[in-house]
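# Coordinate analysis (summary)
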Amino acid sequence: MKKKHFRIVLAGNPNCGKTSIFNALTGTRQHVGNYPGVTVESKSGSFTLNGSKIEVIDLPGVYSLSSSSPEEEVVFRELTRPGIDLIVTVVDSSVPRRGLYLTTQLAELHIPMLLVFNMADEAHRKGIKFDLEKMEKYFGSPVVQTVGSRSGGVRSLLEKLSVTLDNLESHGVPMLSYGKDIDEAIAALAGKTENCITEKYQHIPARFFAVKLLEHDNSVMDLKEFFPVHEEAEKQIRHLRSVHAIEADTFMADRRYAMLAGACRDAISMNGERRREISDRIDLIMTNKYLGLPIFFLIIYATFYFTFICADPLMGYIEEFFAFLGNAVKSVWSPEYLPFLRNLVTDGIIGGVGGVLVFLPNILFLFFAIAILEDSGYMARAAFVMDGIMRKFGLHGRSFVPLVLGFGCSVPAIMATRTIESEADRKVTIMVLPLMSCSARLPIYALIIPAFFAVKYQAAVMWIVYLIGIIIALVAARIMKNTLFRGDGDVYLMELPPYRIPGFKSLLLHMWDRGKMYVHKAGTIILFSSIVLYFCNTFPEKKVFSRDYDILITRNASDPAAVEKLENEKQSEIMEYTISGRVGHALEPIMRPIGFDWKLTTAAIGALAAKEVFVSQLGILYSAGEADEESDTLRAALVENYTPLQGFCIMIFCLLSIPCLATLAIIRRELNSWKMVFVEAGGLLLLAYLVTFIVYQLGSWLNIGNTLL
């Protein structure tokens, strides 16, 4: 009876076109997630072939199964699980020997394998020819050539896959030979290893684990099942070391390359044309010592410009839609009928969802642009160009792209750190990214700076605020790499893949994955947080006021300005009476040393949801009507109650404290750790308080900023 369900895995090097093949096979039937305990991204999908459902697992790109990186650990873990029917190994045809090194390790698993020589068009342009029959004979596996980036480029793979799945039982496995001495050591160790294999690994041959033990591979050395054979493994390693005067793991790598040299010599040929690659010519300019950096900044600026200019109209439409939706609900829902629930739905739920989805165009366009940079091959060049500068601050070159994007919005910028392959560099980048002054802080700057500083100083003050965030972020990164993440990720190899034209379908799928992730994960958490803040800003309800506002409003009905002022005064009393207002009063003694009174403290609490809330909260508390960045009434109230020094401290505190709850939600999503969320929130709050305290106390002592500038 024909099997109706197959589980296959896609394995291969980074930049071999594996993801393009995965997208071509599964289309939109994909799921993106993280492996437990690590931040390596996984993809799974499915498609139907000849009436059978094919489940596809797209493994992270790796160069070997050495478990020296999180990606390699994940691949090892996935490949040693039971239930895999077929390994589809994708090899970059333009550099076949590199991909085949991983193939020799996969072959030791004795799981049926299908070799896919992808990018066959590039290999043809380079004059590389393959004898597929010899390759199949050598590896004991069927071989097929594809061009995964083209429409219809995987048709030959589907045909070969159909035949392979129908003949899995008769599938051959290669008998790899590393030389007499190593083969004997493997056989001796495998004999004893076989007795240690538990039911969990019964489907994996003892020879595979023996090879791993000879290589001192941590993924196997750390398995308690094989502790009893460690002594035998050390005995064989000492023997090989005495004979060859070289470490066993190095010797195994040399022997693999020697095997591949023989196989490639017989099955792969290259004509006499060895012309310089177009990619190399482009890199003479793109990675030039003098031109590389300006070009990089230009491309980053173009990415930034594309993202926010294209997203701005759509963001406006989304804002208008949710405003329309809220007003529509209010128009059909009488204020007398369940008024609290009405306000919760319109202001809490609809407002909360709108506050999240308004950033969705930014997310989509940002990751569309990043996908272009990645798929074209330029992202690796950007890392190369910035690597030297960023390493001085303990970061990798790839960290610079998310840091720049952080000036737009911390949420998509943190999601963009997935391009950083070093786990330590990625964590450090995520931790310092909120220090980049995102666009949500702009309304605060636009309110404070014109209020307290003369026109000739305004640009300089804005520049200083941004510069403070950058400097503190870089210093913090250096400190973290010297302490918390010392010695992790210091050695890092970058590959410069050839330039390619990105496939439009792949770009759209990449954009769709990130957009869906943002809506599903960050959206639900920020929605919950917005509802909580709504309760804090609503309860307890004030019943008795200092004045009879209703009568006063009725008396001044002919004066809209007076009515608005009275309504806002009433709202201010209501706000002061709520949980947020009471917390503001309670925290005022703590916040007073940094120049904050209870009103500024209350606004800062409200700004946890989003920094823009700081301005609107102040507007309510000071009865300033529509408290946006152009509100002269609110500016006048601030000038009357605070000094320029306090205004500057407001900006510093908002710059260094938590950007918004959405940022914390994404940090939780990306680092898979609540502990890191609390460390980040607490660390940023403490940093903001200390820096603002120093600035305020020093300014007060030196009598700086006590008069308008």
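What you see as residue numbers is a count from 1 along each chain, following the sequence as written. Two thresholds apply to this predicted model, a pLDDT of at least 70 for residue-level local features and 80 or more for giving and counting side-chain atom pairs, whereas whole-chain, interface and lining totals are computed over all residues. Note that the side-chain values use all heavy atoms of the structure and ignore hydrogens as well as water.

The backbone of histidine 110 shows a phi angle near 60 degrees, a positive value even though the residue is not glycine. Histidine 110 sits in the partly exposed class, given a relative accessible area of 31%. Located in the positive-phi region is asparagine 703, a residue other than glycine, with phi close to 55 degrees. Relative accessibility decides the category of a residue: with a 1.4 Å probe and only protein chains considered, values under 20% of the type maximum give buried, values over 50% give exposed, and everything between is partly exposed.

This part takes up the nonpolar core. Put simply, buried Ala, Val, Leu, Ile, Met, Phe, Trp, Tyr and Cys residues joined by side-chain atoms within 4.5 Å make one nonpolar core. Residues Phe296, Phe614, Leu618, Leu638, Ile650 and Met651 are the most contacted members of the largest nonpolar core, which totals 87 residues. Broken down by element, this core gets its largest block of residues, eight residues, from helix 29 (residues 644-656). Those residues in contact with methionine 651 that lie beyond four places of it in its chain are Tyr445, Ile448, Ile449, Phe453, Val461 and Val465. In terms of nonpolar packing, the next biggest core, distinct from the first, is built from 46 residues, Ile87, Tyr178, Leu213 and Met252 among them. Secondary structure elements follow DSSP: runs of H or I no shorter than four residues count as helices, runs of E no shorter than two count as strands, and numbering proceeds from the N terminus. Any two residues whose heavy atoms approach within 4.5 Å are treated as being in contact.

On to the packing of aromatic side chains, then. By convention, a stacked pair of Phe, Tyr or Trp rings (six-membered ring in the case of Trp) has centres within 6.5 Å and planes under 30 degrees apart, an edge-to-face pair has planes over 60 apart, and any other such pair is tilted. Summed over the entire model, instances satisfying the criterion amount to 16 aromatic pairs. Centroid distance phenylalanine 321 to phenylalanine 322: 5.2 Å. Interplanar angle 80 degrees. Geometry classified as edge-to-face. Under the relative-accessibility criterion, phenylalanine 321 is labelled partly exposed at 46%. Ring centres of tyrosine 689 and phenylalanine 693 lie 6.4 Å apart, and the angle between their planes is 15 degrees; this geometry places the pair in the stacked category. Of this pair, tyrosine 689 and phenylalanine 693 both sit in helix 31 (residues 674-701), separated by four residues, roughly a single helical turn. In this structure phenylalanine 693 comes out as partly exposed when scored by relative accessible area, which is 33%. Among the aromatic residues, ring-to-ring pairing joins Phe76, Tyr201, Phe208, Phe209 and Phe226 into one connected group.

The next point concerns the confidence of the model for the chain. Averaged over the chain, the pLDDT score is 80; the fraction of residues at 70 or greater is 86%. The predictor's confidence in any single residue is recorded as pLDDT, a number from 0 to 100. Note that residues 32-39 has pLDDT below 50 and, in this model, 33 contacts with residues that lie over four places away or in other chains. Confidence drops under a pLDDT of 50 for residues 488-492, and excluding neighbours within four residues, the segment shows ten contacts in the predicted structure.

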